[in-house]
Amino acid sequence: MFQHIDYYAGDPILGLMDKFTADARPTKVNLGIGIYYDDAGQLPVLDCVKTAEQRIASPISPRPYLPMAGLLGHRQGCQRLLFGQEAKVIQDNRVATIATIGGSGALKVGAELIHRWFPHAKCYVSDPTWSNHIAIFEGCGIEVGSYPYYDPANHSIRFEEMIGFIETLNKHDVLILHPCCHNPTGMDLTHEQWDQVLQVVQQRELIAFMDIAYQGFGEDMDNDAYAIRKAAQMGLALFVSNSFSKNLSLYGERVGGLSILCPDADQAERVFGQMNYIVRRIYTSPPSHGGHVVDLVMNDAALYEQWVKEVYVMRDRIRSMRSELRARLEASLPNHDFSYLTTQKGMFSFTGLATEQLERLQSEFGLYMVMNSRVCMAGLNSANIDYVAEAMATVLKG
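Rules and cut-offs
Residues numbered from 1 in each chain as written. Predicted model: local features only at pLDDT ≥ 70, side-chain atom pairs only at ≥ 80, totals over all residues. Heavy atoms only, no water. Helix = DSSP H or I, 4+ residues; strand = E, 2+ residues; numbered from the N terminus. Rg over C-alpha atoms; globule rule 2.2 N^0.38 Å. Buried < 20%, exposed > 50% of the residue type's maximum accessible area, 1.4 Å probe, protein only. Contact = heavy atoms within 4.5 Å. Areas by Shrake-Rupley, 256 points an atom, 1.4 Å probe, with all protein chains shown as cover. Lys, Arg positive; Asp, Glu negative; His and termini not counted. Charge placed at Lys NZ, Arg CZ, Asp CG, Glu CD. Polar contact = N/O pair within 3.5 Å; in protein donor to acceptor, adjacent residues only side chain to side chain. Expected span 1.5 Å × (residues − 1). Pairing = 2+ DSSP bridges. Axes fitted to C-alpha atoms, helices over the stretch in contact; angles between N-to-C directions. Disulfide = S-S within 2.5 Å. Parallel < 35°, antiparallel > 145°, perpendicular 65-115°, else oblique. Left-handed = near helix turned anticlockwise from the far one by under 90°. Nonpolar A, V, L, I, M, F, W, Y, C, P; charged D, E, K, R; others polar. Phe/Tyr/Trp six-rings, centres within 6.5 Å; stacked < 30°, edge-to-face > 60°. Lys NZ or Arg CZ within 6 Å of the ring centre and 35° of its normal. Salt bridge = Lys/Arg side-chain N within 4 Å of Asp/Glu carboxyl O.

**Q** Please set out the overall build of the protein residue by residue, giving values where relevant.
**A** Per the secondary structure count, the protein includes 15 helices and 13 strands. By the compact-globule yardstick of 21 Å for 398 residues, the protein fits well, its C-alpha radius of gyration being 21 Å. Principal axes of the C-alpha set define a box for the protein whose edges measure 60 × 55 × 55 Å. Within the protein, buried positions represent 54% of all 398 residues. Within the protein, contacts between residues separated by at least 24 positions form 75% of all contacts whose residues are at least 6 apart in sequence. Here the protein has roughly 17,800 Å² of accessible surface; of this, 52% comes from carbon and sulfur atoms. The centroid of the 34 positive side-chain charges in the protein is displaced by 4 Å from the centroid of its 45 negative side-chain charges.

Take a look at the structure:
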(Lines give C-alpha, C1' and ligand atoms only; values in the text may rest on other atoms or scores of the structure.)
Protein backbone atom coordinates (compact mmCIF):
# COMPACT_ATOMS: atom_id res chain seq x y z
CA MET A 1 0.00 0.00 0.00
CA PHE A 2 2.81 2.44 0.82
CA GLN A 3 5.41 1.39 -1.74
CA HIS A 4 4.92 4.64 -3.66
CA ILE A 5 6.00 6.73 -0.66
CA ASP A 6 9.50 8.20 -0.83
CA TYR A 7 12.12 7.66 1.87
CA TYR A 8 12.82 10.62 4.16
CA ALA A 9 16.52 11.40 4.22
CA GLY A 10 16.22 12.86 7.71
CA ASP A 11 16.94 16.28 9.12
CA PRO A 12 20.65 17.16 8.73
CA ILE A 13 20.94 18.72 12.18
CA LEU A 14 18.98 16.08 14.09
CA GLY A 15 20.75 13.39 12.07
CA LEU A 16 24.05 14.86 13.23
CA MET A 17 22.89 14.26 16.82
CA ASP A 18 22.36 10.58 16.03
CA LYS A 19 25.93 10.33 14.73
CA PHE A 20 27.26 12.13 17.78
CA THR A 21 25.39 9.82 20.15
CA ALA A 22 26.75 6.75 18.38
CA ASP A 23 30.35 8.03 18.56
CA ALA A 24 32.15 6.23 21.42
CA ARG A 25 35.14 8.59 21.61
CA PRO A 26 35.33 10.33 25.02
CA THR A 27 36.78 13.45 23.39
CA LYS A 28 33.82 14.01 21.05
CA VAL A 29 32.20 17.46 21.09
CA ASN A 30 28.71 18.39 19.92
CA LEU A 31 28.82 21.77 18.19
CA GLY A 32 25.88 21.08 15.92
CA ILE A 33 22.40 21.36 17.39
CA GLY A 34 21.33 24.74 18.80
CA ILE A 35 21.15 23.91 22.50
CA TYR A 36 22.74 25.86 25.33
CA TYR A 37 25.00 23.82 27.60
CA ASP A 38 26.68 25.18 30.73
CA ASP A 39 30.42 25.05 31.41
CA ALA A 40 30.04 21.51 32.73
CA GLY A 41 28.52 20.46 29.41
CA GLN A 42 25.08 20.02 30.95
CA LEU A 43 21.69 21.30 29.84
CA PRO A 44 20.74 23.64 32.70
CA VAL A 45 17.45 23.89 34.53
CA LEU A 46 17.05 27.56 35.40
CA ASP A 47 16.38 28.43 39.03
CA CYS A 48 13.35 30.51 38.05
CA VAL A 49 11.94 27.46 36.27
CA LYS A 50 12.55 25.25 39.30
CA THR A 51 10.59 27.68 41.46
CA ALA A 52 7.76 27.90 38.95
CA GLU A 53 7.53 24.10 38.66
CA GLN A 54 7.45 23.71 42.44
CA ARG A 55 4.49 26.07 42.56
CA ILE A 56 2.76 24.20 39.74
CA ALA A 57 3.22 20.89 41.57
CA SER A 58 1.95 22.15 44.93
CA PRO A 59 -0.61 20.79 44.97
CA ILE A 60 -0.71 18.39 42.04
CA SER A 61 -3.77 19.46 40.08
CA PRO A 62 -5.90 18.21 37.16
CA ARG A 63 -4.64 18.85 33.60
CA PRO A 64 -7.51 20.14 31.47
CA TYR A 65 -7.11 21.30 27.89
CA LEU A 66 -5.87 24.84 27.60
CA PRO A 67 -7.80 27.34 25.45
CA MET A 68 -6.87 27.19 21.77
CA ALA A 69 -4.87 30.40 22.18
CA GLY A 70 -3.15 29.21 25.36
CA LEU A 71 -3.01 30.81 28.80
CA LEU A 72 -3.73 34.53 28.98
CA GLY A 73 -0.63 35.12 31.12
CA HIS A 74 1.54 33.31 28.58
CA ARG A 75 0.17 35.47 25.78
CA GLN A 76 0.51 38.71 27.73
CA GLY A 77 4.05 37.76 28.71
CA CYS A 78 4.97 37.31 25.05
CA GLN A 79 3.53 40.71 24.17
CA ARG A 80 5.37 42.61 26.91
CA LEU A 81 8.64 40.82 26.18
CA LEU A 82 8.48 41.61 22.48
CA PHE A 83 6.89 45.06 22.36
CA GLY A 84 7.87 46.48 25.76
CA GLN A 85 6.32 46.51 29.21
CA GLU A 86 4.19 49.63 28.59
CA ALA A 87 3.85 49.40 24.80
CA LYS A 88 1.05 51.49 23.37
CA VAL A 89 0.18 48.85 20.77
CA ILE A 90 -0.65 46.48 23.65
CA GLN A 91 -2.73 49.09 25.45
CA ASP A 92 -4.60 49.75 22.20
CA ASN A 93 -5.37 46.01 21.80
CA ARG A 94 -3.63 45.93 18.43
CA VAL A 95 -1.62 42.76 19.08
CA ALA A 96 -3.19 39.35 18.54
CA THR A 97 -1.16 36.67 20.34
CA ILE A 98 -1.46 32.92 20.78
CA ALA A 99 0.71 30.43 22.62
CA THR A 100 2.20 27.90 20.20
CA ILE A 101 4.07 24.62 20.01
CA GLY A 102 7.49 26.23 20.10
CA GLY A 103 8.77 28.72 17.58
CA SER A 104 8.18 26.22 14.79
CA GLY A 105 4.50 26.05 15.67
CA ALA A 106 4.30 29.84 15.58
CA LEU A 107 5.86 29.89 12.11
CA LYS A 108 3.45 27.18 10.95
CA VAL A 109 0.33 29.00 12.16
CA GLY A 110 1.58 32.27 10.70
CA ALA A 111 2.39 30.68 7.36
CA GLU A 112 -1.05 29.04 7.20
CA LEU A 113 -2.73 32.39 7.88
CA ILE A 114 -0.68 34.10 5.17
CA HIS A 115 -1.42 31.36 2.65
CA ARG A 116 -5.16 31.62 3.37
CA TRP A 117 -5.56 35.40 3.39
CA PHE A 118 -2.67 36.54 1.15
CA PRO A 119 -2.71 33.74 -1.44
CA HIS A 120 -0.48 35.53 -3.95
CA ALA A 121 2.26 36.34 -1.45
CA LYS A 122 5.73 34.91 -1.94
CA CYS A 123 8.09 34.39 0.97
CA TYR A 124 11.74 35.44 1.04
CA VAL A 125 14.33 34.22 3.54
CA SER A 126 17.90 35.36 4.13
CA ASP A 127 20.70 33.60 2.30
CA PRO A 128 21.47 31.57 4.39
CA THR A 129 18.73 30.96 6.94
CA TRP A 130 17.50 28.25 9.29
CA SER A 131 16.43 25.47 6.94
CA ASN A 132 13.08 24.95 8.65
CA HIS A 133 11.97 28.43 7.55
CA ILE A 134 11.95 27.15 3.99
CA ALA A 135 10.39 23.81 4.87
CA ILE A 136 7.53 25.29 6.90
CA PHE A 137 6.49 27.91 4.36
CA GLU A 138 6.83 25.59 1.39
CA GLY A 139 4.85 23.01 3.36
CA CYS A 140 2.00 25.54 3.56
CA GLY A 141 2.01 25.97 -0.22
CA ILE A 142 3.92 29.27 -0.28
CA GLU A 143 6.65 29.84 -2.85
CA VAL A 144 9.97 30.59 -1.12
CA GLY A 145 12.92 32.57 -2.46
CA SER A 146 15.93 34.19 -0.81
CA TYR A 147 17.38 37.66 -0.42
CA PRO A 148 21.12 38.49 -0.22
CA TYR A 149 22.44 38.52 3.32
CA TYR A 150 25.80 36.99 4.19
CA ASP A 151 29.18 37.36 2.52
CA PRO A 152 31.26 34.34 3.64
CA ALA A 153 34.45 35.69 2.11
CA ASN A 154 34.45 38.79 4.29
CA HIS A 155 32.26 37.58 7.18
CA SER A 156 29.96 40.53 6.62
CA ILE A 157 26.40 41.40 5.61
CA ARG A 158 25.67 42.19 1.97
CA PHE A 159 23.51 45.06 3.09
CA GLU A 160 23.36 47.16 -0.07
CA GLU A 161 22.45 44.08 -2.10
CA MET A 162 19.87 43.15 0.51
CA ILE A 163 18.20 46.56 0.35
CA GLY A 164 18.32 46.60 -3.44
CA PHE A 165 16.62 43.22 -3.62
CA ILE A 166 13.90 44.06 -1.10
CA GLU A 167 13.06 47.18 -3.13
CA THR A 168 12.03 44.91 -6.03
CA LEU A 169 9.44 42.89 -4.08
CA ASN A 170 5.70 43.09 -4.58
CA LYS A 171 3.01 44.26 -2.19
CA HIS A 172 2.29 41.70 0.56
CA ASP A 173 5.35 39.58 -0.20
CA VAL A 174 6.73 38.14 3.04
CA LEU A 175 10.18 38.81 4.48
CA ILE A 176 11.43 36.38 7.13
CA LEU A 177 13.72 38.46 9.34
CA HIS A 178 15.89 37.60 12.36
CA PRO A 179 15.67 40.46 14.89
CA CYS A 180 18.77 39.21 16.74
CA CYS A 181 21.30 36.35 16.83
CA HIS A 182 20.89 35.47 13.16
CA ASN A 183 20.68 31.73 12.57
CA PRO A 184 23.01 30.42 11.21
CA THR A 185 25.53 33.25 10.73
CA GLY A 186 25.40 35.21 13.99
CA MET A 187 25.62 38.42 11.93
CA ASP A 188 23.00 41.00 12.96
CA LEU A 189 21.92 44.27 11.39
CA THR A 190 22.70 47.51 13.21
CA HIS A 191 19.87 49.72 14.43
CA GLU A 192 20.51 52.07 11.52
CA GLN A 193 20.33 49.20 9.04
CA TRP A 194 17.09 47.99 10.60
CA ASP A 195 15.66 51.48 10.15
CA GLN A 196 16.45 51.32 6.43
CA VAL A 197 15.01 47.82 6.00
CA LEU A 198 11.78 48.76 7.75
CA GLN A 199 11.43 51.92 5.66
CA VAL A 200 11.52 49.77 2.51
CA VAL A 201 9.05 47.32 4.08
CA GLN A 202 6.71 50.23 4.72
CA GLN A 203 7.15 51.76 1.27
CA ARG A 204 6.67 48.47 -0.58
CA GLU A 205 3.80 47.36 1.72
CA LEU A 206 5.56 44.10 2.49
CA ILE A 207 4.73 41.66 5.31
CA ALA A 208 7.57 41.51 7.82
CA PHE A 209 7.67 38.18 9.67
CA MET A 210 10.21 38.37 12.47
CA ASP A 211 11.41 35.14 14.04
CA ILE A 212 13.10 35.74 17.40
CA ALA A 213 14.30 32.54 19.06
CA TYR A 214 17.23 33.91 21.09
CA GLN A 215 16.03 37.08 22.79
CA GLY A 216 18.53 38.06 25.48
CA PHE A 217 21.43 36.13 23.96
CA GLY A 218 22.62 38.98 21.71
CA GLU A 219 22.74 42.33 23.51
CA ASP A 220 19.91 42.37 26.07
CA MET A 221 16.15 41.86 26.23
CA ASP A 222 15.35 45.33 24.93
CA ASN A 223 18.02 45.83 22.26
CA ASP A 224 17.42 42.35 20.86
CA ALA A 225 13.82 43.40 20.19
CA TYR A 226 14.79 46.74 18.59
CA ALA A 227 13.50 45.83 15.11
CA ILE A 228 10.16 44.65 16.49
CA ARG A 229 9.60 47.79 18.55
CA LYS A 230 10.77 50.07 15.75
CA ALA A 231 8.28 48.44 13.38
CA ALA A 232 5.54 49.04 15.95
CA GLN A 233 6.54 52.71 16.27
CA MET A 234 6.34 53.06 12.48
CA GLY A 235 2.81 51.69 12.42
CA LEU A 236 3.68 48.58 10.45
CA ALA A 237 1.63 45.42 10.45
CA LEU A 238 3.91 42.66 11.69
CA PHE A 239 4.16 38.94 12.40
CA VAL A 240 6.43 37.84 15.27
CA SER A 241 7.22 34.26 16.23
CA ASN A 242 9.10 33.78 19.50
CA SER A 243 10.44 30.78 21.35
CA PHE A 244 11.22 30.05 24.99
CA SER A 245 13.27 26.95 24.20
CA LYS A 246 16.65 28.63 24.57
CA ASN A 247 16.16 31.53 26.96
CA LEU A 248 14.08 29.49 29.43
CA SER A 249 15.92 26.24 28.61
CA LEU A 250 12.55 24.55 28.00
CA TYR A 251 13.41 22.76 24.76
CA GLY A 252 11.26 19.68 25.21
CA GLU A 253 8.27 21.57 26.58
CA ARG A 254 7.73 23.23 23.16
CA VAL A 255 6.62 26.68 24.27
CA GLY A 256 6.51 29.69 22.00
CA GLY A 257 4.15 32.32 20.73
CA LEU A 258 2.85 34.00 17.60
CA SER A 259 2.01 37.70 17.80
CA ILE A 260 0.48 39.65 14.93
CA LEU A 261 0.52 43.44 15.17
CA CYS A 262 -2.51 44.90 13.40
CA PRO A 263 -3.53 48.46 12.37
CA ASP A 264 -6.38 48.61 14.89
CA ALA A 265 -8.24 46.60 17.55
CA ASP A 266 -11.00 45.44 15.21
CA GLN A 267 -8.53 43.91 12.77
CA ALA A 268 -6.63 42.34 15.67
CA GLU A 269 -9.84 40.65 16.82
CA ARG A 270 -10.44 39.25 13.32
CA VAL A 271 -6.87 37.98 13.08
CA PHE A 272 -7.03 36.45 16.57
CA GLY A 273 -10.14 34.50 15.55
CA GLN A 274 -8.43 33.13 12.46
CA MET A 275 -5.35 32.17 14.47
CA ASN A 276 -7.57 30.14 16.79
CA TYR A 277 -9.32 28.54 13.82
CA ILE A 278 -5.97 27.44 12.36
CA VAL A 279 -4.88 26.03 15.72
CA ARG A 280 -8.12 24.05 15.99
CA ARG A 281 -7.46 22.44 12.61
CA ILE A 282 -3.88 21.47 13.47
CA TYR A 283 -3.43 20.64 17.17
CA THR A 284 -6.43 22.14 19.06
CA SER A 285 -4.49 23.61 22.01
CA PRO A 286 -0.89 24.19 23.10
CA PRO A 287 1.05 22.24 25.76
CA SER A 288 0.00 22.88 29.33
CA HIS A 289 3.06 22.44 31.55
CA GLY A 290 5.42 24.70 29.65
CA GLY A 291 2.66 27.25 29.24
CA HIS A 292 2.15 27.43 33.00
CA VAL A 293 5.91 27.85 33.55
CA VAL A 294 5.99 30.76 31.10
CA ASP A 295 2.89 32.26 32.71
CA LEU A 296 4.48 32.23 36.16
CA VAL A 297 7.94 33.46 35.16
CA MET A 298 6.71 36.23 32.88
CA ASN A 299 4.13 37.58 35.35
CA ASP A 300 5.88 37.32 38.71
CA ALA A 301 8.19 40.33 39.16
CA ALA A 302 10.76 38.46 41.25
CA LEU A 303 10.86 35.42 38.97
CA TYR A 304 11.07 37.63 35.88
CA GLU A 305 14.03 39.55 37.31
CA GLN A 306 15.72 36.28 38.25
CA TRP A 307 15.11 34.92 34.75
CA VAL A 308 16.65 37.92 33.02
CA LYS A 309 19.77 37.60 35.17
CA GLU A 310 20.03 33.89 34.32
CA VAL A 311 19.69 34.62 30.61
CA TYR A 312 22.52 37.13 30.83
CA VAL A 313 24.71 34.55 32.56
CA MET A 314 24.18 32.26 29.56
CA ARG A 315 24.81 35.15 27.16
CA ASP A 316 28.05 36.10 28.89
CA ARG A 317 29.34 32.53 28.94
CA ILE A 318 28.86 32.29 25.18
CA ARG A 319 30.66 35.60 24.73
CA SER A 320 33.52 34.29 26.83
CA MET A 321 33.80 31.15 24.70
CA ARG A 322 33.89 33.29 21.56
CA SER A 323 36.78 35.36 22.93
CA GLU A 324 38.73 32.35 24.14
CA LEU A 325 38.33 30.42 20.90
CA ARG A 326 39.43 33.46 18.91
CA ALA A 327 42.51 33.95 21.10
CA ARG A 328 43.57 30.32 20.76
CA LEU A 329 43.08 30.22 16.99
CA GLU A 330 44.93 33.51 16.49
CA ALA A 331 47.83 32.17 18.57
CA SER A 332 48.04 29.08 16.35
CA LEU A 333 47.33 30.85 13.05
CA PRO A 334 48.46 34.49 13.36
CA ASN A 335 47.94 35.14 9.65
CA HIS A 336 44.25 34.22 9.75
CA ASP A 337 41.45 36.64 10.63
CA PHE A 338 39.22 35.25 13.38
CA SER A 339 37.66 38.57 14.41
CA TYR A 340 34.28 37.35 13.14
CA LEU A 341 34.05 35.06 16.16
CA THR A 342 33.59 38.04 18.48
CA THR A 343 31.67 40.18 15.98
CA GLN A 344 28.92 37.60 15.53
CA LYS A 345 26.27 37.31 18.22
CA GLY A 346 24.21 34.62 19.86
CA MET A 347 24.67 30.89 19.90
CA PHE A 348 25.97 30.44 16.37
CA SER A 349 28.99 31.34 14.28
CA PHE A 350 29.68 30.72 10.63
CA THR A 351 33.26 29.45 10.56
CA GLY A 352 33.70 29.37 6.80
CA LEU A 353 35.25 25.91 7.02
CA ALA A 354 35.03 23.88 3.81
CA THR A 355 33.08 20.63 3.63
CA GLU A 356 36.30 18.58 3.54
CA GLN A 357 37.55 20.32 6.67
CA LEU A 358 34.26 19.73 8.47
CA GLU A 359 34.31 16.06 7.48
CA ARG A 360 37.86 15.77 8.76
CA LEU A 361 36.93 17.39 12.06
CA GLN A 362 34.17 14.84 12.46
CA SER A 363 36.08 11.74 11.37
CA GLU A 364 39.47 12.47 12.97
CA PHE A 365 38.56 14.53 16.02
CA GLY A 366 34.91 13.78 16.81
CA LEU A 367 33.85 17.42 16.41
CA TYR A 368 30.30 17.55 15.10
CA MET A 369 29.28 20.72 13.25
CA VAL A 370 26.56 21.37 10.68
CA MET A 371 27.91 20.94 7.15
CA ASN A 372 27.14 24.54 6.21
CA SER A 373 29.98 25.44 8.67
CA ARG A 374 27.68 26.64 11.45
CA VAL A 375 29.08 26.02 14.91
CA CYS A 376 27.08 26.24 18.13
CA MET A 377 29.29 28.25 20.47
CA ALA A 378 27.30 27.06 23.50
CA GLY A 379 28.83 23.59 23.02
CA LEU A 380 32.24 24.95 24.03
CA ASN A 381 33.41 24.91 27.63
CA SER A 382 36.58 25.20 29.67
CA ALA A 383 37.19 21.45 29.40
CA ASN A 384 37.00 21.15 25.61
CA ILE A 385 37.97 24.52 24.16
CA ASP A 386 41.70 23.73 23.88
CA TYR A 387 40.93 20.48 22.07
CA VAL A 388 38.47 22.17 19.71
CA ALA A 389 40.85 25.03 18.93
CA GLU A 390 43.74 22.63 18.25
CA ALA A 391 41.56 20.50 15.97
CA MET A 392 40.30 23.52 14.03
CA ALA A 393 43.82 24.90 13.67
CA THR A 394 45.06 21.52 12.42
CA VAL A 395 42.52 21.28 9.60
CA LEU A 396 42.98 24.96 8.68
CA LYS A 397 46.72 24.40 8.29
CA GLY A 398 45.92 21.58 5.83
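**Q** For the side chain of threonine 100, give the residues involved together with the corresponding values.
**A** Here threonine 100 is to be found in strand β2 (residues 95-101). In terms of polar contacts, threonine 100 uses its side chain to reach the backbone carbonyl oxygen of glycine 102, at 2.8 Å.

**Q** Tell me about helix α5 (residues 102-117), residues and numbers included.
**A** For α5, which comprises 16 residues, the first-to-last C-alpha distance of 23 Å matches the rise-based estimate of 22 Å (1.5 Å per residue) to within 8%. For α5, the full list of buried residues reads Gly102, Gly103, Gly105, Ala106, Leu107, Val109, Gly110, Ala111, Leu113 and Ile114.

**Q** Tell me about the sheet that holds strand β4 (residues 144-148), residues and numbers included.
**A** The sheet built from 7 strands is open, its strands ordered β2-β10-β9-β8-β7-β3-β4 with mixed pairing. A strand with exactly one partner marks an edge of an open sheet, and here the two such strands are β2 and β4. Pairs of neighbouring strands in the sheet enclose a mean axial angle of 25°, with direction left out of account. As defined by bridge partners, strand β3 (residues 123-127) adjoins strand β7 (residues 174-177) across 2 bridges and the pair is classed as parallel. Bridge assignment links tyrosine 124 to a residue of β7, and that residue is leucine 175. Set on the sheet, helix α9 (residues 226-233) makes contact with β8 (207-212), β9 (238-243) and β10 (255-261); between it and β8 the angle comes to about 150°.

**Q** I'd love a proper account of the state of the cysteines, names of residues and values included.
**A** Following the criterion strictly, the structure yields 0 disulfides and no others. Take cysteine 376: it sits in no disulfide, and the sulfur closest to it among the cysteines is that of cysteine 181, at 11 Å.

**Q** I'd love a proper account of the packing of α5 against helix α10 (residues 265-282), names of residues and values included.
**A** The geometry of α5 relative to α10 is characterised by a closest axis approach of 10 Å and an angle of 115° between their N-to-C directions. Considering the angle they form, α5 stands roughly perpendicular to α10. In this structure, α5 crosses over α10, and the sense of that crossing is right-handed. Between α5 and α10, the residues in contact are Lys108, Val109, Glu112, Leu113 and Trp117 and Val271, Gln274, Met275, Ile278, Val279 and Ile282, respectively. A class-by-class count of the residues in the contact of α5 with α10 yields 8 nonpolar, 1 polar and 2 charged.

**Q** With reference to specific residues and values, describe the packing of aromatic side chains.
**A** As enumerated under the stated definition, the model contains 10 aromatic pairs in all. Seen in terms of ring centroids, tyrosine 150 and phenylalanine 350 are 5.3 Å apart; in terms of plane orientation they differ by 80°. Their pairing is edge-to-face. Placement of the pair is tyrosine 150 in strand β5 (residues 150-151) and phenylalanine 350 in strand β11 (residues 348-350), with a sequence separation of 200 residues. Each residue in the set Phe137, Phe209 and Phe239 is aromatic and connected to the rest through ring pairs, giving one cluster. When the ring centre of tryptophan 117 is taken as origin, the NZ or CZ atom of arginine 116, which lies over that ring, is 4.1 Å away.

**Q** Break down the packing of helix α2 (residues 47-56) against helix α11 (residues 289-299) for me, citing the residues and quoting the values.
**A** One way to put it is that α2 packs onto α11 with a least axis distance of 9 Å and a crossing angle of 115°. By the angle between their axes, α2 is roughly perpendicular relative to α11. Considering the relative orientation of α2 and α11, their crossing is right-handed. Between α2, through Cys48, Val49, Ala52, Glu53, Arg55 and Ile56, and α11, the contact on the second element is made entirely by His289, His292, Val293, Leu296 and Val297.

**Q** I'd like a rundown of helix α12 (residues 301-332), residues and numbers included.
**A** If you check α12, its first and last C-alpha atoms are 47 Å apart, about what 32 residues at 1.5 Å a residue would give, namely 46 Å. Looking at where α12 begins, the residue whose side-chain oxygen comes 3.0 Å from the main-chain nitrogen of alanine 302 is aspartate 300.

**Q** Could you give an account of the pattern of salt bridges, with specific residues and numbers?
**A** Tallied over the full model, the rule gives 20 salt bridges. Linking arginine 315 and aspartate 316 is a salt bridge whose minimum nitrogen-to-oxygen distance equals 2.9 Å. Given the relative accessible area of 11%, arginine 315 is considered buried. Between aspartate 316 and arginine 319 there is a salt bridge whose closest N-O contact spans 3.8 Å. Of this pair, aspartate 316 and arginine 319 both sit in helix α12, separated by 3 residues, roughly a single helical turn. Given the relative accessible area of 35%, arginine 319 is considered partly exposed.

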